Amino acid sequence: MSKGKQDNSKGTKGLTPKWKLALMALKAPMPEMGVTKREHVWKKNKATLWYYPPVEKKYRVPVFIVYSLINQPVILDLGPGMSMIEAFGKEGYEVYLLDFGSPGYEDGETNIDNYILDYIQKGVQRALRHSGAKEITIIGSCIGGTLVAMYAAVADEPIKNLILSAAPVDFSHSPTFDQWAEAIRDDSANFDEFLDAIHIIPAGYVKKGMRLITSPIYYSPYLSLLNKADDAQYVASWRRLNAWTNGHIPLTGAAIKQMMHDWVRHNKLVKDTLYIKDKRASLKNIKSNLLVVTTENENLVPFEMIKPVMNLVSSKDKTYRVLERGHATISITDTLPLYIAEWLPSKSEPIRKGNEF
């Protein structure tokens, strides 16, 4: 019998039906999320830079993580045994997580350039000062990976390692909303005035848009819950993941405008015509050790949107990995994923015992 599962050995008489257990689970208090020990080391507007100390520091190069603009970064620390951040700490890495927070109407003019220069770059600078490190590893997931790639293309900071996970870079391939994308490219669809007027796309609208791409008819997760409603451990994990799945973040109008113009319409990052404020963001400027990760049968960010970056950077050490799991669930782990565990340690300046400095 698995841990947390009800003992049904006495027969079915008096046994609570699974549908009732599922309903009880949905009404019960939420399991704790984001419980790995941390402290904030920098704040700006709604954003927070969190520091997660390692159990025992074993590497001189810290890890700096940027997640998506539309999802909460708690996916990286859902709970004990479901936390990539916890896994990094157990392996001896100092971890910094940039949480952009939830923008409001007053943040409607915050654009992509602001996120890169005022938040990511400033956050990296603060992490380097806090850790005392000479170099840093940066990990970007989903749209956070796109932002990190853009930042790395203009960065003055010493980025030793760059990991892009399911990060769209080439927007000439649009597997979802292809007709909308084509309309944006030929300027037959222009939403600038609308975005200027509303300033912010509410989280509920972001959720509906993502649901159209991923799961228009959303019931299979509840069938999974019903099937395993007598397994307390599974139920707790399911509720954490379901809460994250439904916990989208608003998007600022200025950021969406810039995405549509610079990314979708003109594909500037790949075409080497992108400027961040007055600085040219050329992927050729990236010389860090590079690890690019995608997943099989990915309908949200297929490999055609990711792999081209391999031929556009100047990195001598670059690796491309295709995983079987979905791009969200690869972060739910109690140990470092093999693709990181094999690639990162030797590139992070291991500390020899008795010779830390």
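As the structure is a prediction and not an experimental result, all values here were calculated from the model. (Residues numbered from 1 in each chain as written. Predicted model: local features only at pLDDT ≥ 70, side-chain atom pairs only at ≥ 80, totals over all residues. Heavy atoms only, no water.)

Some remarks on the sheet that holds strand β1 (residues 39-44)
Right, on to step 1. If you walk across this open sheet you meet the eight strands as β1-β2-β4-β3-β5-β6-β11-β12, and the pairing is mixed. In this open sheet, the two strands that pair with only one neighbour each are β1 and β12 (318-323). Neighbour-to-neighbour, the strand axes of the sheet open up by a mean angle of 15 degrees, direction not taken into account.
Right, on to step 2. Against the sheet, helix α3 (residues 112-131) makes contact with β1, β2 (47-52), β3 (63-66), β4 (95-99) and β5 (136-141), and its axis sits at roughly 145 degrees relative to β1, the strand it touches most.
Right, on to step 3. Sheet strands touched by helix α4 (residues 143-152): β3, β5 and β6 (159-165). Its angle to β5, the strand with the most contacts, is close to 140 degrees. (Pairing = 2+ DSSP bridges. Helix = DSSP H or I, 4+ residues; strand = E, 2+ residues; numbered from the N terminus. Axes fitted to C-alpha atoms, helices over the stretch in contact; angles between N-to-C directions. Contact = heavy atoms within 4.5 Å.)

Notes on the confidence of the model for the protein chain
Atomic detail in the predicted coordinates should be set aside for any region of low pLDDT.
Right, on to step 1. Predicted confidence across the protein chain gives a mean pLDDT of 85, with 83% of residues reaching 70 or more.
Right, on to step 2. Throughout residues 6-14 the model reports pLDDT below 50, and contacts reaching past four residues in sequence, or to other chains, amount to seven contacts. (pLDDT = per-residue confidence, 0-100.)

A short note on helix α1 (residues 18-27)
Right, on to step 1. Of the positions making up α1, those classed as buried are Leu21, Ala22 and Ala25. Along the axis of α1, the buried positions cluster into a sector of 100 degrees, meaning they face one direction only. Away from the buried face of α1 by more than 90 degrees, exposed residues Met24 and Lys27 are located. (Buried < 20%, exposed > 50% of the residue type's maximum accessible area, 1.4 Å probe, protein only. Arc of directions from axis to C-beta.)

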